[in-house]
Every structure is written in structure tokens, then in C-alpha cells.
Amino acid sequence: WMKKEYSIGLHDNVLQKTPFTFDVSVWEFFLPLISGAGMVVCKPDGHKDPSYLKRVILEHNISVIHFVPSMLSVFLEDQTVSGCDSLRHVFSSGEALTKDIQDQLLQQSKVQLHNLYGPTEAAVDVTFYRCNENSKSFEVPIGKPVSNTEVYILNERMEVVPYGMTGTLFLGGRQLAEG
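Residues numbered from 1 in each chain as written. Predicted model: local features only at pLDDT ≥ 70, side-chain atom pairs only at ≥ 80, totals over all residues. Heavy atoms only, no water.

Student: Please clarify how the pairing of strand β1 (residues 13–16) should be interpreted in this entry.
Tutor: The two faces of the sheet receive side chains in turn, since in a regular strand these alternate between them. With four bridges connecting them, β1 and strand β2 (residues 38–41) associate as parallel partners. Bridge pairing in β2 places Leu-15 opposite Val-40. Note on the crossover from β1 through helix α2 (residues 24–35) to β2: the handedness is right-handed. (Pairing = 2+ DSSP bridges. Helix = DSSP H or I, 4+ residues; strand = E, 2+ residues; numbered from the N terminus. Right-handed = clockwise from strand over helix to strand, strands pointing away.)

Student: Looking at this structure, I do not really get the packing of helix α3 (residues 50–60) against helix α4 (residues 69–76). What am I missing?
Tutor: A pair of packed helices is captured by two measures, namely the crossing angle of their axes and the spacing between those axes. Taken N-terminus to C-terminus, the directions of α3 and α4 make an angle of 80°; their axes are 9 Å apart at the nearest point. What the angle tells us is that α3 and α4 run roughly perpendicular. Taking contact as the criterion, the partners of Pro-50, Leu-53, Lys-54 and Ile-57 in α3 are, on α4, Met-71, Val-74 and Phe-75. Of the residues contributing to the contact of α3 with α4, the split by class is six nonpolar, no polar and one charged. (Axes fitted to C-alpha atoms, helices over the stretch in contact; angles between N-to-C directions. Parallel < 35°, antiparallel > 145°, perpendicular 65-115°, else oblique. Contact = heavy atoms within 4.5 Å. Nonpolar A, V, L, I, M, F, W, Y, C, P; charged D, E, K, R; others polar.)

Student: Could you clarify how one ought to interpret the nonpolar core in this entry?
Tutor: Nonpolar side chains tend to gather and get buried jointly when the protein is soluble and globular. By size, the foremost hydrophobic cluster in this structure holds 27 residues, and its most contacted members are Leu-72, Leu-87 and Val-90. Counting residues per element, the ones that place at least two in this core are α3, β3 (64–67), α4 and α5 (99–108). Apart from residues lying up to four places away in sequence, Leu-87 is in contact with Ile-57, Ile-62, Ser-63, Ile-65, Val-81 and Val-111. Listed in part, the 14 residues of the second largest apolar core include Met-2, Val-64, Phe-91 and Val-124. (Core = buried A, V, L, I, M, F, W, Y, C linked by side-chain atoms within 4.5 Å. Buried < 20%, exposed > 50% of the residue type's maximum accessible area, 1.4 Å probe, protein only.)

Student: Would you explain the pattern of salt bridges in this entry?
Tutor: Pairs may arise between side chains of opposite charge once their charged atoms sit close together. The final tally for this structure, using the stated rule, is five salt bridges. Ionic pairing is found between Asp-12 and Arg-88, a salt bridge with its closest N-O pair at 2.9 Å. With Asp-12 in the loop between α1 (2–6) and β1 and Arg-88 in the loop between α4 and β4 (89–92), this pair connects stretches of sequence that are 76 residues apart. As a salt-bridge pair, Asp-103 and Lys-99 come within 3.2 Å of each other at their nearest N and O atoms. Taken together, the residues span about one helical turn, with Asp-103 and Lys-99 both in helix α5 at a distance of four residues. (Salt bridge = Lys/Arg side-chain N within 4 Å of Asp/Glu carboxyl O.)

Student: What's the story with unusual backbone geometry in this structure? I'm lost.
Tutor: Among all residues save glycine, negative phi is the norm, and among peptide bonds the norm is trans. In this structure, Asn-61 takes a positive phi of about 50° despite not being glycine. Inspection of the secondary structure assignment puts Asn-61 in the loop between α3 and β3. For Met-158, which is not glycine, the phi dihedral falls at a positive 65°.

Student: Would you mind showing me how to read α5 here?
Tutor: The α-helix advances 3.6 residues per turn, and as a result positions three or four apart in sequence lie on the same side. Counting buried residues in α5 gives seven out of ten residues, a clear majority hidden from the surface. Turning to α5, its buried residues number three or more, namely Lys-99, Ile-101, Gln-102, Asp-103, Leu-105, Leu-106 and Gln-108. Residues of α5 that are buried sit in contact with α4, β4, β5 (112–117) and β6 (127–130).

Written out as C-alpha cells, the structure reads:
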């Protein structure tokens, strides 16, 4: 779904910087392989060093990168993202993406920022949202379901709740293991 949704292809370079034990590393490895994009592998612990990341982005024309919001915040300090004109897509997941971090990135660059959500029970991501600094929302939404995934907000009677009401998130589809 990512290849199709974001038009990832031969013109892209994906930075694989997530430790192999984190689920995001799955798409960092396989997205380039299935889309024909280039893949640049970070040195060990390179994902913790904003200066190193900027050098890699500039040297290898990285166009696709992932950050957990707390690391994205560190990367944005001192406007590290400025000059990283090759970046097309910044994906964020693993923690709640705050409106402040969203707005800071979108004000510093022309990159497309995407908030991805995926609970432990699912395979990597189940929802996606393209961030918009003009949004009137005080929080960054988790968005809509990815392909072959269903998302419902249900009440205690397992009924879909009306828009804006509180409930429990339920998932269905290929992103879950059978049973």
C-alpha cells in the first residue's frame, strides 16, 4: 500500500536507519525492494545522530525517511532539516506525533509528513494521515485505514459509535494474524 499511496519508485532513496528489532525496519527493507527504490543503510546507532543523518540525506539524496516523533524533534533542532531538499516523504510513528512537531517540520521544509499508526497487535501500520499545517485540529489524527484493513470505534455493546464519541479501536483485515 505504501508503494502505491506515495508513488515510491526508481526516483527514490529510502534510508534504512531503524534497528532491526523495531517493526518499521520491515518496510524500510522491503519498500525499496518491491518498488525499485534505492536503499541506504545507516551505520550502527547512526539514527541517534542528527548531524550524521543530515550528511547521509545530503550525500545520498534520501527522499524517504522514518522518525519516531521524539527523534524527529531532536532532528529539527537548529533547523537540521533545512537544505535537505531531496526529502519527499517523512514518516512518523511509534509515538504520538504532536501538532508542534508537525508544524515545525512543515514550516521548515516542503516535505510531505505522514503520521502512521500501528498498535502492537497489528503488522506495522494500520492507519495513515498526511499532515497539514493548516489543520484546525489540536492533535494530529491517526487517519484512515491502509489497504486491506478495517478500523472501527465501538462502544461496550460492540456497536459503532457516532462520529466524535469515545469508544475502543477495533481492527480487522490482513494486518492482523488469524485468530
